[in-house]
Amino acid sequence: MEMIIIGIIIILTILNDAVSVVSTPVCKMDPFTNDVGNRGLVWNCSRGSLDVIPNIPSTGNFTGIIGLDISFNKFRRISKSTFLNTTRVTEITSLYLDGNEIIVIESEAFSYLTALEILHISNCSLSKFTLRNSSFSRMENLKLLEILNNDFVYAGYPSRELSRLTSLQTLSISVFKRFSFDENFTLLRNLQTVLLYSQNSGIRLTNESFMGLRFSPITSLYIFIRQYGTNCDISDNVLQWFHVVRVLNMRISSACNVTRVLRSLKALEGHTMDYFIATYNVQEFGDPVVLDEWAVGPMLNMCIKTVNLAHNNIGSLAVDVKGTLFEKCIRDLDLSNNVWGSFHISFVRFLTSSNLKQFNLEGAWYLSDSFNFQIQRFLAPNVTVYLAKSLEKINFSHNKFHPVLLDHHKMEITLAANGLKELILHHSNIEGTIFTKFQCPNLVLLNISFMLLESDHYMFSCELFCSLKHLETLDATKASLNRILNHNADCFRGLKNLKSLNISSNELTFLHPEIFREQINTLETLNLDYNLLEVIPQAVLYMRFLSQFSLRFNKIKTISKTDYNLILNHFSDKSIAIEGNPLFCSCKYEQSIKFIRLIERKFDDIVILNCSEFDGKPPPNLHRLFEFSNWRAYQLSCVATFWLEFSSVLVCVAISITISVVLVCKYRIFLEYISLRLRLRLRGKKYETEKKHYEYDVFICYSAYDQNWVITELYQNLTNSDMKVCLDEKNFIPGRLIAEEIVRCIDESRKILFVITRNFLQSKWAGYEVQMAITHAFHNHVESKIVVLLKDKIPLGDMPEQLKRIWWKIVCSKWPMTGMDRDERLFWETLNLSISNDVY
């Protein structure tokens, strides 16, 4: 029994160890960069439900910093033993404990981490009573502490413990109602950077809030108080103890506007500062802020190099900055994303004469009518604006330029700035005012993309770029340049240093072959995406240093032999992107696909390049199509398609020829007759359907085998009856076409007499005469002129088809087969009467 119990215990122990092994996460050694910018490796064991630190593996000859990340685990107590068995503990420089529910930090808990410089213990539910006495002892090398969003709100910080960190240089700490730095913080004599984040509402900032930092050489101060309900009563001397601050970043919540932030500079008047940042200080439901003398007076009396007042709902600047200490020192000014309505006129003069290097006025530029009036008082319709020579960068993007009209004429502005290197105007709207020329000889970057021109009246002209001799980057995406670039070879004349050009989305259908003639040795990047080009422009033919060429989403359907040779010979070390073009891949365009396959390595996007048309099948990916098996199947399919189409054409041609031959054979005489009539019409021959006088009484058609009977019997009897008879051998004119003579004799005869015998029916020539005579009679509506003489007892069924069709219209006489003289005399009388009768 005891053995069984022991066995069960052993099995449970093994299972427990197995579960522990399975549930323990595998930590990773990842590259990382710590809070002060140093790079190294971090033993990343975060989010693993750990309560014991896994051993840190060896990193070979690695000599960089090592971090330990055990954040968001299940550590509840931090003591010496926490790190006692951890390998390489003395090499740890960064420790991350964020997100653990720590209930206590024992005395000298971090004493084994002798190299520790960075400690994060945010979001750990710490309170003043969590930290035991001397919790932060023996941490002589700690330089950065982040201790945000804990439970110090009710009892305050354990300032005595924090004051032990005398080597501390950076402190990120949460502030709350009734918070202040007490006297214990005066021991932090090396503290240089303080970051304050609000943890609740109702915070009131005064100079007493920071008295404990009066001996700290703080050069960088960041105050981020964003919760709604913060007390906006910030005293003017709140920054009294920050004598050496060089970087100041203040962001107050929705209870205050930027005015209170600017007034807080009162205690720093006369000071020099590198950066002053006051962004997103917007009072909820507040009116646009007016920056008057009271609001910005303290700032104007300071020497600040960089000022950022973006996103502050500023509506106007009503103060003269001319001659102030601010004007003398300012180098970089950011007033972007406000709701400007007007500027003091002195501010315009400030931009033309100060030492300013960078000016950002991006977003929401709305000039008021009063400002327009001021401009109208001082400016002429054609004006040149001279900016400060020190100004190197201007950002006027995402703006709305209202019309400035003088006597209802368009105002033309020439911008002159000799020192300007970057000018950004993208997403701006030009209405009544337009820059017609840039006199900026040192301009390196120009961005006029997405310029929403109201009409053709305000479109750009090529003169805009002519003086920009040092321009290297031009972005003119969707700038309506199709109006000046299509078929124009001189728009980029003079831009001999241009390296990057973006003219995508301009509805370009054609580029002049010589438009880039002055950039063949400089242009490296060319973007022609989203245009309407159907072929690869010849303008890129001789680009020597072009490395990136994009033609995506145009209208290129095929790659011609010219395009193939262009890419093969002039893009040997270059690449091209043609994604989104409606490429045809059907067998009809097989040669185009072969060209693409031969130069597929030249296309950067061949992996995502798709066909748009593929013989009614789902369009394939070209990269997959060029795989050996797919390409072989494609070629076989095209060969089969070719022979099927070729066979179909041959069958159609054969059928057409057969039908044509049959029709020609069947209607040969009719076609010959039509041809004859056309020839006669060209000669001026006119047909009369009713004639009063005929040359002959009868034209006889007969077989040559019946010639003896026709001449001795028929001809003699008719002529004895005073009839004029027309016979072929007697009356046809030699040398003329037989068909033409038949028609002539029919037209000149009162009747047409067909002698139908067995010989006649067997004679092809007789059939020809019958068809020609009937065809001519039918077209002239004189079918009743035909008289038939039947011999040899020929039944009606054996008669020629042409005669049977009009049998009811013709006169028929049968030769008597009795041999009696009386019957023959009666026949001749009847025949004479049929021929001489004109009533049809």
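Quick caveat, the model's predicted, so the values are computed rather than measured.

Each value, and the rule that gives it
Residues numbered from 1 in each chain as written. Predicted model: local features only at pLDDT ≥ 70, side-chain atom pairs only at ≥ 80, totals over all residues. Heavy atoms only, no water. Helix = DSSP H or I, 4+ residues; strand = E, 2+ residues; numbered from the N terminus. Buried < 20%, exposed > 50% of the residue type's maximum accessible area, 1.4 Å probe, protein only. Contact = heavy atoms within 4.5 Å. Areas by Shrake-Rupley, 256 points an atom, 1.4 Å probe, with all protein chains shown as cover. Core = buried A, V, L, I, M, F, W, Y, C linked by side-chain atoms within 4.5 Å. Axes fitted to C-alpha atoms, helices over the stretch in contact; angles between N-to-C directions. Parallel < 35°, antiparallel > 145°, perpendicular 65-115°, else oblique. Left-handed = near helix turned anticlockwise from the far one by under 90°. Nonpolar A, V, L, I, M, F, W, Y, C, P; charged D, E, K, R; others polar. Patch = residues over 30% accessible without salt bridge, like charges linked within 9 Å, V, L, I, M, F, W, Y side chains within 5 Å. Salt bridge = Lys/Arg side-chain N within 4 Å of Asp/Glu carboxyl O. Lys, Arg positive; Asp, Glu negative; His and termini not counted. Charge placed at Lys NZ, Arg CZ, Asp CG, Glu CD. Pairing = 2+ DSSP bridges. Disulfide = S-S within 2.5 Å. Expected span 1.5 Å × (residues − 1). Arc of directions from axis to C-beta. Polar contact = N/O pair within 3.5 Å; in protein donor to acceptor, adjacent residues only side chain to side chain. Phe/Tyr/Trp six-rings, centres within 6.5 Å; stacked < 30°, edge-to-face > 60°. Lys NZ or Arg CZ within 6 Å of the ring centre and 35° of its normal.

Outline the overall build of the protein chain, listing residues and values.
A tally of regular secondary structure across the protein chain gives 21 helices and 35 strands. Considering the protein chain as a whole, with its 840 residues, one finds that 49% of them fall into the buried category. Considering only contacts within the protein chain whose residues lie at least 6 apart along the sequence, 75% involve residues at least 24 apart. By element, 53% of the accessible surface of the protein chain is carried by carbon and sulfur atoms, the whole surface being about 41,900 Å².

Just give me the short version of the nonpolar core, but keep the residues and values in it.
Residues Phe110, Phe276 and Leu622 are the most contacted members of the largest nonpolar core, which totals 172 residues. Here Phe276 is in contact with Leu248, Val261, Leu262, Leu265, Met299, Ile304, Thr306, Val307, Asn308 and Leu309, once residues within four sequence places are set aside. By size, the runner-up hydrophobic cluster in this structure holds 29 residues, among which are Ile669, Leu680, Val788 and Leu790.

So, the packing of helix α15 (residues 707-720) against helix α21 (residues 821-836): which residues are in play, and what are the values?
Interhelical geometry of α15 versus α21 gives an angle of 70° and a closest axis separation of 10 Å. One way to sum up the angle between α15 and α21 is to call them roughly perpendicular. Helix-helix and strand crossings are classified by hand; for α15 and α21 the assignment is right-handed. In contact with Trp709, Glu713, Leu714, Asn717 and Leu718 of α15, α21 contributes Trp828, Leu831, Asn832 and Ile835. Here the contact of α15 with α21 is composed, by residue class, of six nonpolar, two polar and one charged.

Lay out a positive patch on the surface in plain terms, naming residues and giving numbers.
Taken together, the side chains of Lys305, Arg331, Lys357 and Lys421 present a region of like positive charge at the surface. Within the element layout of this structure, Lys421 appears in the loop between β22 (411-416) and β23 (422-424). On the accessibility criterion, Lys421 (39% relative accessible area) is partly exposed.

Before we move on, could you go through the sheet that holds strand β33 (residues 749-756) and cite the residues and values that matter?
Pairing within the open sheet is parallel, and its five strands lie in the order β32-β31-β33-β34-β35. Of all strands in the sheet, those with a lone pairing partner are β32 (725-726) and β35 (811-814), marking the two edges. Here strand β31 (residues 696-701) runs beside β33; their pairing, made up of five bridges, is parallel. What sits directly across from Phe699, in β33, is Ile752. Together, β31, β32 and β33 form the strand contacts of helix α17 (residues 738-747), whose direction differs from that of β33 by roughly 120°.

Go over the state of the cysteines with me, naming the residues and quoting the values.
Per the counting criterion, the structure on display carries four disulfides. Through a disulfide, Cys585 is tied to Cys611; the S-S separation comes to 1.8 Å. Between Cys585 and Cys611, the S-S dihedral sits near -85°, and the bridge is therefore left-handed. In this pair, Cys585 is assigned in the loop between β30 (575-577) and α11 (590-598) and Cys611 in the loop between α11 and α12 (622-625), connecting sequence segments 26 residues apart. What makes Cys611 buried here is its relative accessible area of 5%.

With reference to specific residues and values, describe the packing of helix α14 (residues 668-682) against α17.
Two numbers describe how α14 lies on α17: the axes approach to 10 Å, and their chain directions differ by 75°. On the basis of their axis angle, the class for α14 and α17 is roughly perpendicular. Residues Glu672, Tyr673, Leu676 and Leu680 of α14 pack against Ala739, Glu740 and Val743 of α17. Among the residues making up the contact of α14 with α17, the classes are represented as five nonpolar, no polar and two charged.

Can you lay out the pairing of strand β34 (residues 786-790) for me, pointing to particular residues and giving the numbers?
With five of five residues buried, β34 lies mostly within the body of the structure. Judged by which residues are buried, β34 turns out to be covered on both faces: Ile786, Val788 and Leu790 on one side and Val787 and Leu789 on the other are all buried. For β33 and β34, the ladder comprises five bridges, and the chain directions are parallel. Paired with Ile752 across the two strands is Ile786, which belongs to β34. Both β34 and β35 contribute to a ladder of four bridges, which runs parallel. Paired with Val787 across the two strands is Val811, which belongs to β35.

Quick rundown of the environment of Leu97? Include the residues and the values.
Structurally, Leu97 is set in the loop between β5 (92-96) and β6 (104-105). Its relative accessible area of 0% is what places Leu97 among the buried residues. Sequence-wise, Leu97 and Asn73 are 24 residues apart; in three dimensions their C-alpha atoms are separated by 8.4 Å. Those residues in contact with Leu97 that lie beyond four places of it in its chain are Ile70, Ser71, Ile78, Ile102, Phe110, Leu119, His120, Ile121 and Cys124.

With reference to specific residues and values, describe α21.
Across its 16 residues, α21 extends 23 Å between first and last C-alpha, which sits within 8% of the 22 Å expected from 1.5 Å per residue. Those residues of α21 lying buried are Asp823, Phe827, Trp828, Leu831, Asn832, Ser834 and Ile835. Those residues of α21 that are buried are in contact with β31, α15, β33, β34 and β35.

Let's hear about α14: which residues, and what values?
With 15 residues, α14 should cover 21 Å at 1.5 Å per step; its first-to-last C-alpha distance of 21 Å lies within 8% of that length. For α14, every residue scored as buried is listed here: Ile669, Tyr673, Leu676, Arg677 and Leu680. Considered in projection along α14, the buried side chains sweep an arc of 100° and stay on one side of the axis. Exposed residues on α14 whose side chains face more than 90 degrees from its buried face are Leu678, Arg681 and Leu682.

Explain the side chain of Ser167 to me, using residue names and the numbers behind them.
Residue placement: Ser167 occurs in the loop between α3 (159-162) and β9 (170-175). A distance of 2.8 Å separates a polar side-chain atom of Ser167 from the backbone oxygen of Glu140. Each residue touching Ser167, except ones within four places of it in the same chain, is listed here: Met139, Glu140, Asn141, Leu142, Lys143 and Asn190.

Break down a nonpolar patch on the surface for me, with residues and values.
On the surface, Val651, Ile655, Ile659, Leu663, Val664, Tyr667, Phe670 and Leu671 cluster together into a nonpolar patch covering about 690 Å² of accessible area. The leading source of residues in the nonpolar patch is helix α13 (residues 628-666), at five residues. When you line up the elements, Val664 lands in helix α13.

Tell me about unusual backbone geometry, residues and numbers included.
Positioned with a positive phi, Ser125 is a non-glycine residue whose angle comes to about 60°. Look at His311: it is not a glycine, yet its phi comes out positive at around 60°. With respect to the secondary-structure elements, His311 resides in the loop between β15 (303-308) and β16 (314-317).

Can you break down the environment of Ser49 residue by residue, with the values?
Secondary-structure assignment places Ser49 in the loop between β2 (39-44) and β3 (65-69). In this structure, the C-alpha to C-alpha distance between Ser49 and Asn73, residues 24 residues apart in sequence, is 4.5 Å. When sequence neighbours within four positions are dropped, the list of residues in contact with Ser49 reads Asn73 and Lys74.

Could you give an account of the pattern of salt bridges, with specific residues and numbers?
Throughout the structure, instances matching the rule amount to 21 salt bridges. Linking Asp823 and Arg822 is a salt bridge whose minimum nitrogen-to-oxygen distance equals 3.8 Å. On the basis of relative accessible area, Asp823 is assigned to the buried category, the value being 17%. Connected via shared salt-bridge partners are Arg736, Glu741, Arg744 and Glu748.

Go over the packing of aromatic side chains with me, naming the residues and quoting the values.
The tally for this structure, following the rule as stated, stands at 26 aromatic pairs. Taken together, a centroid distance of 6.3 Å and an interplanar angle of 40° make the contact between Phe465 and Phe492 tilted. Taken together, the residues span a long stretch of sequence, with Phe465 in the loop between β25 (445-447) and β26 (473-475) and Phe492 in the loop between α9 (482-485) and β27 (500-502) at a distance of 27 residues. As far as burial versus exposure is concerned, Phe465 and Phe492 are alike and both buried. Here the aromatic rings of Trp709 and Trp815 are separated by 5.4 Å at their centres, their planes lie at 85°, and the arrangement is edge-to-face. Taken together, the residues Trp709 in helix α15 and Trp815 in the loop between β35 and α21 connect sequence positions 106 residues apart. Exposure remark for Trp709: the relative accessible area of 16% places this residue in the buried category. An aromatic cluster is present here, built from Phe152, Tyr157, Phe176, Phe179, Phe181, Phe185, Phe210 and Phe242 joined pairwise through their rings. Across the ring face of Phe72, the terminal group of Arg47 is positioned such that the distance to the ring centre comes to 4.2 Å.

Remember that the coordinates give geometry; whether it matters functionally is a separate question.
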